[in-house]
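Here is what each chain is made of, one letter per residue.
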Amino acid sequence: MELKRREIGYKTLLEEKSKELEQFSYIVSHDLQTPLRNIILFTELLEMDGEASSETKAEYISYIKDSARQASEQIKMLLTYSRLGRGKEIVKVDLEEVLSDVKVRLSDKIGISNAVILSDSLPVIRCFPDEMRELLFSLLDNAIKFKKIFSIPFVRVSCESLEEYWRFKVSDNGIGIDESNFENIFLIFRKVHHKEKYEGAGLGLAMAKKIVELHDGSLTVASELGKGSEFIFTISKHL
Amino acid sequence: MKKLTKVVIVDDNPYSNIASKRVIQLSKTFDTIQTFEDPVLAFSYLQGLYERDIYSEIPDLILVDLNMPEMSGWDFIHTFELLPYESTKVTDIKILTGSDDDDDRRKASTLSRISDFITKPLNIEKIMTTLDRNQINKYSPI
């Protein structure tokens with residue numbers, strides 16, 4: 001019986017890893033290609049654009065530099081993502097403290113948007129401390145960032161103690177997410193908004209999902225466009 | 001080759017747009033090159049042209065990227081197809097994408113509105129080849 005359960009566990013793990021690997025190769029072939037392609041593009045233009053003025057050429061060179069920097073930044077982020085939880089230890093963590101840390105990190109954005117963050121009293125749980133901080137940070141950051149225009153973000157963090165795991169909810173009154181994007185938002189570097197409207201690298205929710213999975217939990221979203229979003233995640237009590 | 005009047009490029013990557021625009025300028029194939037980073041904006045601009053029949057501004061060619069946030073190239077093309085064919089038939093549509101995905105290629109070949117699938121980076125040769133291969137003159141206004 002125990003053996004069977006372990007077998008199933010390995011199978012799920014294997015499936016998760018292979019999905020992650022698939023995503024990884026997609027990123028390398030799509031997202032990392034973009035800046036590299038731009039480097040080729042402008043190098044070729046430099047070679048062939050005989051009519052280009054020296055200002056134009058300087059512009060091309062600055063695009064090449066920017067693109068190289070972008071590629072390097074993406075590789076760094078990819079490493080951060082793949083190293084989550086590696087070589088770290090699970091310890092007892094007071095989530096109240098984590099939440100106040102996160103609020104400090106977000107204080108500028110909270111100040112500018114007048115965001116209101118309300119929370120249940122949060123428990124002390126066993127988890128990876130840095131990862132948990134990152135998880136709460138990216139969920140709260142999103143809740144504030146994707147606010148409706150001319151409205152004050154209202155964010156609620158709630159916690160429920162179930163038999164096998166903790167269940168947390170982070171809900172907001174923001175712009176909401178179209179159902180067709182419920183899966184896309186968790187893919188690394190995937191952004192569902194035009195970049196001029198909302199800043200960000202498209203890493204937050206991908207990291208959040210991986211962090212939750214490191215804690216034998218799951219991360220899901222419920223949302224309605226124009227009404228707000230609710231991110232629900234579970235953390236195992238047997239870590 | 002007959003010089004065409006106008007091409008519209010829809011691609012969310014600004015660098016890609018700058019370079020594509022310059023390459024097309026150097027190829028001397030179009031008089032006007034207009035780029036859009038936001039496909040939604042591009043669509044409403046085009047829709048306005050067709051609906052109000054602003055003939056001089058209607059493009060001969062639209063180059064559209066596939067992987068874009070908010071509105072993918074596929075969404076763009078499907079929405080475009082909802083416009084009355086009578087007014088949009090003068091415009092040829094080609095995909096200009098970084099994806100060299102076989103599935104994307106196959107999908108593109110099933111859509112009659114798409115006349116070619118061009119992979120980035122764009123260069124003069126690619127433009128010449130695609131303009132030669134497609135009888136774009138069939139669509140272009142005389």
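Up top is the structure.
Along each chain, residue indices are assigned from 1 in the same order as the chain's sequence is written. Here every chain gets a letter starting at A, and every ligand a number starting at 1, in the order they are written. Local features in this predicted model are restricted to residues of pLDDT 70 or higher, and side-chain atom pairs are both shown and tallied only at a pLDDT of 80 or more, whereas totals for entire chains, interfaces and linings draw on every residue. Only hydrogens and water are set aside; all other atoms, that is, all heavy atoms of the structure, feed into the side-chain values.

1. Here's the deal with the state of the cysteines
Residue and element names in this part refer to chain A. Our working rule: Two cysteine sulfurs form what is called a disulfide whenever their separation falls within 2.5 Å. The buried label goes to any residue with under 20% of its type's maximum accessible area, the exposed label to any with over 50%, and the partly exposed label to all in between, with areas taken from a 1.4 Å probe on protein chains only.
Considering all chains together, one arrives at zero disulfides over all chains under this definition. In this model cysteine 127 remains outside any disulfide bridge; the closest cysteine sulfur is found in cysteine 159, 12 Å from its own. Its relative accessible area of 0% is what places cysteine 127 among the buried residues.

2. Quick notes on the nonpolar core
Quick reminder of the rule: In these notes, a set of buried Ala, Val, Leu, Ile, Met, Phe, Trp, Tyr and Cys residues joined through side-chain atoms within 4.5 Å is what counts as a nonpolar core. The numbering of helices and of strands both runs from the N terminus, where a helix is a DSSP run of H or I of at least 4 residues and a strand a run of E of at least 2.
Formed by 50 residues in total, the largest nonpolar core has its most connected members in Leu95(A), Leu135(A), Leu140(A), Phe168(A), Ile188(A), Phe231(A) and Phe233(A). With eight residues, the top contributor of residues to this core is helix 6 (residues 129-145) of chain A. The next biggest cluster of nonpolar side chains, apart from the first, holds 26 residues, and it includes Tyr50(B), Val64(B), Leu66(B) and Trp74(B).

3. Quick notes on the side chain of Ser16(B)
Tracing the backbone shows Ser16(B) in helix 1 (residues 14-27). Take Ser16(B): its relative accessible area is 3%, and that puts it in the buried class.

4. Brief notes about the packing of aromatic side chains
Rules: Under the pairing criterion, centres of Phe, Tyr and Trp rings, with the six-membered ring standing for Trp, must be within 6.5 Å; the plane angle then separates stacked pairs below 30 degrees from edge-to-face pairs above 60, leaving the rest tilted. Whether a charge sits over a ring comes down to the Lys NZ or Arg CZ being within 6 Å of the ring centre and within 35 degrees of the ring normal.
The final tally for this structure, using the stated rule, is 10 aromatic pairs over all chains. Between Phe186(A) and Phe231(A) the ring centres are 6.3 Å apart and the planes differ by 90 degrees, which places this aromatic pair in the edge-to-face class. On the criterion of sequence distance, the pair formed by Phe186(A) in the loop between strand 5 (165-171) and helix 7 (204-214) and Phe231(A) in strand 7 (residues 228-236) is long-range, its members being 45 residues apart. Like Phe186(A), the residue Phe231(A) is buried in the burial classification. Joined through ring pairs, the aromatic side chains of Phe42(A), Tyr60(A), Tyr63(A) and Tyr15(B) make up one cluster. Above the plane of the ring of Phe186(A) lies Lys209(A), whose end atom (NZ or CZ) is 5.5 Å from the centre. Positioned above the aromatic ring of Tyr81(A) is the side chain of Lys210(A), whose terminal nitrogen or guanidinium carbon lies 5.0 Å from the ring centre.

These values are about where atoms sit, not about what they do.
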